[in-house]
Amino acid sequence: MGLFSRWRRGGGGSGAGAGGQRQVLDREATGADLEHLRAFARSREGVAFYVEPETTATDTTVVAVAFDGEWTRRRVGTPRAAEKLARSVKVACHDVTVTGYPPEMRRWNARAKADRAALEEMTRAESERDRER
């Protein structure tokens, strides 16, 4: 049994939801999504993939997280596709519902939020100075 066997779709990946109704996703994963994840993994150190389950609105996604917490999220289609992609770029692959997100990602988000707030404050101050002139 593979790491994500319990997620595999019944009926050969038909996308059928409860009651046999087909789920309507916002869009399917594309080659560009997979290439973005490959490029991220190749261009950063210590990348790991965190597989997020399909929802009623979004296909299965992967959050790729680098050692410093920088991250990106893209659709991959299925957990099996995520595992295959992880093997091809030689990165670890985790089920986010089991492991959760790494603390580095949370720290990255906190720094990014603080940076955005500081930039907004600088922009606001510059605008006020310009108006006073």
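Calculation criteria
- Residues numbered from 1 in each chain as written.
- Predicted model: local features only at pLDDT ≥ 70, side-chain atom pairs only at ≥ 80, totals over all residues.
- Heavy atoms only, no water.
- Pairing = 2+ DSSP bridges.
- Helix = DSSP H or I, 4+ residues; strand = E, 2+ residues; numbered from the N terminus.
- Buried < 20%, exposed > 50% of the residue type's maximum accessible area, 1.4 Å probe, protein only.
- Core = buried A, V, L, I, M, F, W, Y, C linked by side-chain atoms within 4.5 Å.
- pLDDT = per-residue confidence, 0-100.
- Contact = heavy atoms within 4.5 Å.

A short note on the pairing of strand β3 (residues 71–77)
Within a regular beta strand, the side chains point alternately toward one face of the sheet and then the other, so they alternate between its two faces.
Here is step 1 of the chain: When strand β2 (residues 60–65) meets β3, the two strands line up antiparallel, connected through six bridges. Paired with V63 across the two strands is R73, which belongs to β3.
Here is step 2 of the chain: Once β2 ends, the chain turns through five residues before running back antiparallel as β3, passing G69 with a positive phi of about 100 degrees.

Here's the deal with the pairing of strand β1 (residues 48–52)
Here is step 1 of the chain: Taken across its five residues, β1 has five buried, putting it largely inside the fold.
Here is step 2 of the chain: Here β1 shows a buried face lined by A48, Y50 and E52 and a second buried face lined by F49 and V51.
Here is step 3 of the chain: Here β1 pairs with β2 via five bridges, running antiparallel. By the bridge assignment, F49 is partnered in β2 with A64.
Here is step 4 of the chain: Bridge count for β1 against strand β4 (residues 92–95) is four bridges, and the pairing is parallel. Residue pairing across strands places Y50 opposite H94, the latter belonging to β4.

Some points on the nonpolar core
Here is step 1 of the chain: If you look at the biggest cluster of nonpolar residues, it comprises 16 residues, and the most contacted ones within it are L37, V47, F49, V62 and V91.
Here is step 2 of the chain: It is helix α2 (residues 79–89) that contributes the most residues to this core, four residues altogether.
Here is step 3 of the chain: Listed in part, the six residues of the second largest apolar core include A48, V65, V96 and M105.

Focus: the confidence of the model for the protein chain
Here is step 1 of the chain: Mean pLDDT over the protein chain: 85, with 80% of residues reaching 70 or higher.
Here is step 2 of the chain: Note that residues 8–20 has pLDDT below 50 and, in this model, 14 contacts with residues that lie over four places away or in other chains.

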